[in-house]
Amino acid sequence: MKKLITYKTDVQLTANIIKNFSDSINKHIKGWSSVCLHINEFIKNGIPTSTDAVATLGILRGTGHLLKEAAKQNIDRYYIDHAYFEAGYGGDCWLRISRNKHSINYIKDVSSFRWEKFFAAKYHIMPWKSFNERGNNILVIPPTNAICWYFNEYNWEKNILIELKKILNEKVFKKVKVRNKPNEPILDKHGNYLGLKKNKQTDNVSLEVDLSNASIVIAYNSQVALDATLKGIPVIVNKHNSCFGLSFKLADLSQGVDNPIFDKEPDRIKLCKWLSYCQFKLEEIKSGFAWKSINNFQI
C-alpha cells in the first residue's frame, strides 16, 4: 500500500479542498492510502518516513517549504493551485494539479473533448497578430515576491531588463513596461508569509489595456502569458510557465520586435486541449477522476 500525505493550512477554503483530495484517494484509488495533516505537523516533524507522495495547495504558510523538502527527498509532489481556465474558487471550483511541477510546462497531444466541453465557448483563441496588428510595448511580468523566494529568483526582473537593454536599441527599450501583480504576496527571506502588498501603479491601467498595447509579453510564471497567447500575442516565458512549450526566445528580440519569427503562430489549440486535461473541478477531485487522469497523462 502506497502512502500519500496531504497538507492543509488554517485557510478553511483551501483546507477543505485538500481534505476532499485526501478522502478521494481512500474512497476511490486502489493501492493507496491517504492522510490529511496540518502543515504544522511538517514544520515540527518533517515528512514521515515511507511517504510515497505529498499533496498541498499553494506555496504560502509553510507549504512551499514542504514542496522543497519533498523535491529534495525525491518524493512525488501533487501541487494544487489556481486553474489555467476559470481560475478562482467559485462555481465548479476549477484547480490545476501538477505532478512534480509548479505548472504544466510541456505539451502532450490529447483529445479536444475537455477543451470543447468546458472552456472553448468562453475562452476564444483570437487570430494570431502580425507585427502591425500588435501594440508597441514590451510588457514584462515579473515573479511575485513569494515566487522569487520559492525559486530563488530575486534578480529575475533586473536581469531581464539588463538583457533587454543590451539587445534593444534605445528607442525600443523605452517601450519596455513592467507590470507587477496588483495584490502581491510578500514573504521574508525564510519564506514566512507577511501579507499582501498593493501595487498602486498597476491599478491605474487594466491588464486588458496593457495587453492591447503589447507587442511581446515576457513573463516568469504568470498566467498573463496564457491570456496573451489566447489574444494572439507572442510570449517569452520561463520554464515554470504553462506557455513554455510555445515560448519564443529572448534572443529573438535581438532582431527587433518586428522579427518575422514572431509572426509565426505556435500550436495554441494543442496547448489549450492539453491544459484542459491538467485541471479539474472539485467534483472530479472528489470522485478520484483527477488522481487517475494525472497519473495516466502527466509525465
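Described in the following lines is the structure provided in the data block. All figures in this text were calculated on a predicted structure; none of them were measured in a lab.

Its place among the elements puts threonine 56 in strand 3 (residues 53-57). The class of threonine 56 is buried, set by a relative accessible area of 0%. As a C-alpha pair, threonine 56 and isoleucine 5 span 51 residues in sequence and 8.8 Å in three-dimensional space. Ignoring sequence-local partners within four residues, the contact set of threonine 56 consists of Tyr7, Ile18, Thr63, Leu66, Leu67, Tyr78, Tyr79 and Ile80. A polar contact of 2.9 Å, which involves the side chain of threonine 56, links it to the backbone oxygen of tyrosine 7.

What follows covers the layout of surface pockets. Taken as a whole, the largest pocket holds about 1,300 Å³ of empty space. As for the largest pocket, its lining consists of 47 residues, of which Asp81, His82, Thr144, Lys181 and Pro185 are closest to the centre. Ranked by residues supplied to the lining of the largest pocket, first place goes to helix 10 (residues 224-230) with four residues. Here the second largest pocket is characterised by a volume of approximately 240 Å³. Along the wall of the second largest pocket there are 13 residues; nearest its centre are Arg77, His102, Tyr150, Phe151 and His240.

Glancing now at the nonpolar core. Phe85 and Val217 are the most contacted members of the largest nonpolar core, which totals 32 residues. Considering each element in turn, this core owes the most residues, five residues, to helix 10. Not counting chain neighbours up to four residues away, the residues in contact with valine 217 comprise Leu139, Ile141, Leu211, Ala228, Ile233, Pro234, Val235 and Ile236. By size, the runner-up hydrophobic cluster in this structure holds 26 residues, among which are Ile59, Ile216, Ile236 and Val257.

Bringing the side chain of serine 34 into the picture now. When you line up the elements, serine 34 lands in strand 2 (residues 32-38). Of the polar contacts made by the side chain of serine 34, one reaches the side chain of serine 22; its length is 2.7 Å. Once you skip the residues sitting within four places of it in the chain, serine 34 turns out to touch Leu4, Thr6, Ser22, Ile25 and Asn26.

Rules used in this analysis
- Residues numbered from 1 in each chain as written.
- Predicted model: local features only at pLDDT ≥ 70, side-chain atom pairs only at ≥ 80, totals over all residues.
- Heavy atoms only, no water.
- Helix = DSSP H or I, 4+ residues; strand = E, 2+ residues; numbered from the N terminus.
- Buried < 20%, exposed > 50% of the residue type's maximum accessible area, 1.4 Å probe, protein only.
- Contact = heavy atoms within 4.5 Å.
- Polar contact = N/O pair within 3.5 Å; in protein donor to acceptor, adjacent residues only side chain to side chain.
- 1 Å grid on protein atoms, 1.4 Å probe; cavity = no way out; pocket = protein on both sides within 12 Å on 5 of 7 lines; lining within 4 Å.
- Points joined across faces, edges and corners; volume = space filled by probe spheres on them.
- Core = buried A, V, L, I, M, F, W, Y, C linked by side-chain atoms within 4.5 Å.

Shape descriptors only; they carry no functional weight alone.
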